[in-house]
Amino acid sequence: MYELALDPAAQDLLFREARTANTFTDEPVTDEQVQAIYDLVKYGPTAFNQTPLRITLVRSPEARERLVKHMAEGNQAKTAAAPLVAILSAANEFHEELPALLPHFPQAKDLFFAERPVREGSALLNAALQAAYFIVGVRAAGLAAGPMTGLDLAGLHKEFLDADHTPLMVINIGKPGDAAWFPRSPRLAYDDVITTV
């Protein structure tokens, strides 16, 4: 079997042994930890080097209460109890940053992203890529992530975001607690997914 360059223990940490956490300890997640995560995952590739992902850290009890009411019933208790909760959204006006992020091709801002519907589609796709990197980064920090889309996205949008941002998901973050994991669900095999033409 082919051996990957990444150490097997790191492979386990990031993928094979990692799960969506449903319970957490009360150990806090610091701003320094979140900054270290972001400073790693910001290098994940996106189209035109765009960076549409926006992360809103829900830290205050008042903001947590406002958020929990928008979560699906099965997600409310764990969201209320998680050490840190992050709202991930896509910034639809990301193109304004492109001249700085893509200095060798600053005209991409107007050439490809002048129309709002095009920007929204690109922001959604690339912010979703960045959200996946963020989840892997949380795992790389030795923390567990509990990403959720079981919520009232329209209500969340109205409560926390403006018209220039599209909500993607909510992620609970922390050290896994007791009985944090559901049993591992099956995955499709190589032959079910890979086609060669």
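Residues numbered from 1 in each chain as written. Predicted model: local features only at pLDDT ≥ 70, side-chain atom pairs only at ≥ 80, totals over all residues. Heavy atoms only, no water.

A. Main features of a nonpolar patch on the surface. A surface patch of nonpolar side chains, amounting to about 460 Å² of accessible area, comprises Leu188, Tyr190, Val193 and Ile194. Position of Leu188 among the secondary structure elements: in the loop between β4 (165-174) and α9 (190-193). Classification of Leu188 as exposed rests on a relative accessible area of 67%. (Patch = residues over 30% accessible without salt bridge, like charges linked within 9 Å, V, L, I, M, F, W, Y side chains within 5 Å. Areas by Shrake-Rupley, 256 points an atom, 1.4 Å probe, with all protein chains shown as cover. Salt bridge = Lys/Arg side-chain N within 4 Å of Asp/Glu carboxyl O. Helix = DSSP H or I, 4+ residues; strand = E, 2+ residues; numbered from the N terminus. Buried < 20%, exposed > 50% of the residue type's maximum accessible area, 1.4 Å probe, protein only.)

B. Local environment of the nonpolar core. With 24 residues, the main nonpolar core has Leu88, Phe134, Val138, Met169, Ile171 and Ile173 as its most contacted residues. Every element with two or more residues in this core is listed here: α2 (31-41), β2 (84-91), α7 (116-140) and β4. Ignoring any residue separated from it by four or fewer positions in sequence, one finds Met169 in contact with Ala86, Ile87, Leu88, Ala131, Ile135, Pro147, Met148 and Thr149. Counting 14 residues, the second largest nonpolar core, distinct from the first, contains Leu67, Val85, Met148 and Leu151. (Core = buried A, V, L, I, M, F, W, Y, C linked by side-chain atoms within 4.5 Å. Contact = heavy atoms within 4.5 Å.)

C. Region of interest: the packing of aromatic side chains. On inspection of all chains with the given rule, the structure shows five aromatic pairs. Seen in terms of ring centroids, Phe48 and Phe112 are 4.9 Å apart; in terms of plane orientation they differ by 40°. Their pairing is tilted. Residue Phe48 is located in the loop between α2 and β1 (53-58), and its partner Phe112 is located in helix α6 (residues 108-113); the two are separated by 64 residues in the primary sequence. Overall, the relative accessible area of 38% leaves Phe112 in the partly exposed class. Ring geometry for Phe94 and Phe113: centres 5.1 Å apart, planes at 75°, overall edge-to-face. With Phe94 in the loop between β2 and α5 (98-101) and Phe113 in helix α6, the pair connects residues that are 19 residues apart, well separated along the chain. (Phe/Tyr/Trp six-rings, centres within 6.5 Å; stacked < 30°, edge-to-face > 60°.)

D. View of the pattern of salt bridges. Under the counting rule described, the total for this entry stands at 13 salt bridges. Residue Arg54 pairs with Glu97 through a salt bridge whose shortest N-O separation is 2.6 Å. With Arg54 in strand β1 and Glu97 in the loop between β2 and α5, this residue pair connects regions lying 43 residues apart in the sequence. For Glu97, a relative accessible area of 30% puts it in the partly exposed group. With a closest N to O distance of 3.5 Å, Arg66 and Glu62 form a salt bridge. One end of the pair, Arg66, and the other, Glu62, are both in helix α3 (residues 61-68), four residues apart, so they sit about a helical turn from each other. For Glu62, a relative accessible area of 46% translates into the label partly exposed. One network of salt bridges, in which partners are shared, links Glu93, Arg116, Arg119, Glu120 and Asp164.

E. Representation of the sheet that holds β4 in the model. In space, the four strands of this open sheet follow the order β1-β2-β4-β3, with antiparallel pairing throughout. The strands lining the two open edges of the sheet, one partner per strand, are β1 and β3 (144-148). With strand direction ignored, the average angle separating the axes of adjacent strands in the sheet is 30°. Bridge analysis of β1 against β2 gives six bridges, and the strand direction is antiparallel. When the bridges of β2 are listed, Val58 appears paired with Val85. The strands that α3 touches are β1, β2 and β4; relative to β2, the one it contacts most, it runs at about 65°. Against the sheet, helix α4 (residues 73-81) engages β2, β3 and β4, with an angle of about 145° to β3. (Pairing = 2+ DSSP bridges. Axes fitted to C-alpha atoms, helices over the stretch in contact; angles between N-to-C directions.)

Scope: geometric values only; no functional claims are made or implied.
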